[in-house]
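What the coordinates show
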Amino acid sequence: MSIKTDSVAAADRDSRLRQALGHLRRELTLLGKVFVAREPIMRGSVYELHTKCGKPSCRCAEGAELHSCMVISWTARGRKRLRSIPKEQQAELVALTQRYRRFRKARARLLEVHAKMLAIIDKLEAARRKEP
Ligand SMILES: [Zn+2]
């Protein structure tokens, strides 16, 4: 391969890197919106719990017809906690915990995006660097 085609290939690669960097910067802007939002968020997950009440004469004792209630579970100081939820709070708690998961997912993605950006920046640096 000639020097000329090599440098054309390198310019193509650098232009793809710059383009990728631009995409990541735009993604950072979108992620930033998740972090600066003001709606409250809540750790935990909301789900339906099926349990036995413990009374030997109850219909649930056989295990076929369990009691069910909505609960929120979360971890505090390393311990799993559980609280039952009144029907009227259910929708709000689902929204709160969904927002929390979205926040945490965005935070994890932020780390990935930063790592990708640094890798690209290092390649662009190497491509531009002249030795003294
Ligand atoms: Zn029961």
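Residues numbered from 1 in each chain as written. Predicted model: local features only at pLDDT ≥ 70, side-chain atom pairs only at ≥ 80, totals over all residues. Heavy atoms only, no water.

On to the pairing of strand β2 (residues 67-76), then. A regular strand carries its side chains on alternate faces of the sheet. As judged from the seven bridges shared by strand β1 (residues 45-51) and β2, these two strands associate in the antiparallel manner. The partner of T51 across the bridge, within β2, is H67. In this structure, the hairpin formed by β2 and strand β3 (residues 79-84) is closed by a connection of two residues, where R77 is found at a positive phi of approximately 50 degrees. (Pairing = 2+ DSSP bridges. Helix = DSSP H or I, 4+ residues; strand = E, 2+ residues; numbered from the N terminus.)

Now for the coordination of the zinc ion. Only C53 (SG), C58 (SG), C60 (SG) and H67 (NE2) from the protein reach the zinc ion as donors, at distances of 1.8 to 2.3 Å. One way to put it: the four donor atoms around the zinc ion meet at angles of 105 to 116 degrees, and that makes the site tetrahedral. Read in sequence order, the donor residues coordinating the zinc ion give the pattern C-x4-C-x1-C-x6-H. Accessibility assignment for this pair places C58 and C60 in one class, buried. (Donors = N, O, S within 2.8 Å, 3.2 Å for Na, K, Ca; no water. Tetrahedral: all angles 85-135°; square planar, octahedral: opposite > 155°, others 65-115°. Buried < 20%, exposed > 50% of the residue type's maximum accessible area, 1.4 Å probe, protein only.)

Looking now at the sheet that holds β1. If you trace the three strands from one edge of the open sheet to the other, you get β1-β2-β3, paired in antiparallel fashion. Taken across any chain shown, the strands that pair with only one partner, and hence form the sheet edges, are β1 and β3. Strand-to-strand twist in this sheet, taken as the mean axis angle between neighbours without regard to direction, amounts to 40 degrees. Each of β1, β2 and β3 touches helix α2 (residues 90-128); the most contacted strand, β1, lies at about 125 degrees to it. (Axes fitted to C-alpha atoms, helices over the stretch in contact; angles between N-to-C directions. Contact = heavy atoms within 4.5 Å.)

A few words now on the environment of H67. Relative to the elements of secondary structure, H67 occurs in strand β2. H67 gets classed as partly exposed once you look at its relative accessible area, which sits at 23%. Along the chain, H67 and L49 lie 18 residues apart, while their C-alpha atoms are 8.1 Å from each other. Not counting chain neighbours up to four residues away, the residues in contact with H67 comprise L49, H50, T51, K52, C53, C58, R59 and C60.

Let us look at the packing of aromatic side chains. Scanning all chains against the criterion turns up one aromatic pair. With centroids separated by 5.3 Å and ring planes inclined at 80 degrees, the aromatic side chains of F35 and F103 adopt a geometry described as edge-to-face. Residue F35 is found in helix α1 (residues 3-36), and its partner F103 is found in helix α2; the two are separated by 68 residues along the sequence. (Phe/Tyr/Trp six-rings, centres within 6.5 Å; stacked < 30°, edge-to-face > 60°.)

Taken by themselves, the reported measurements are silent on function.
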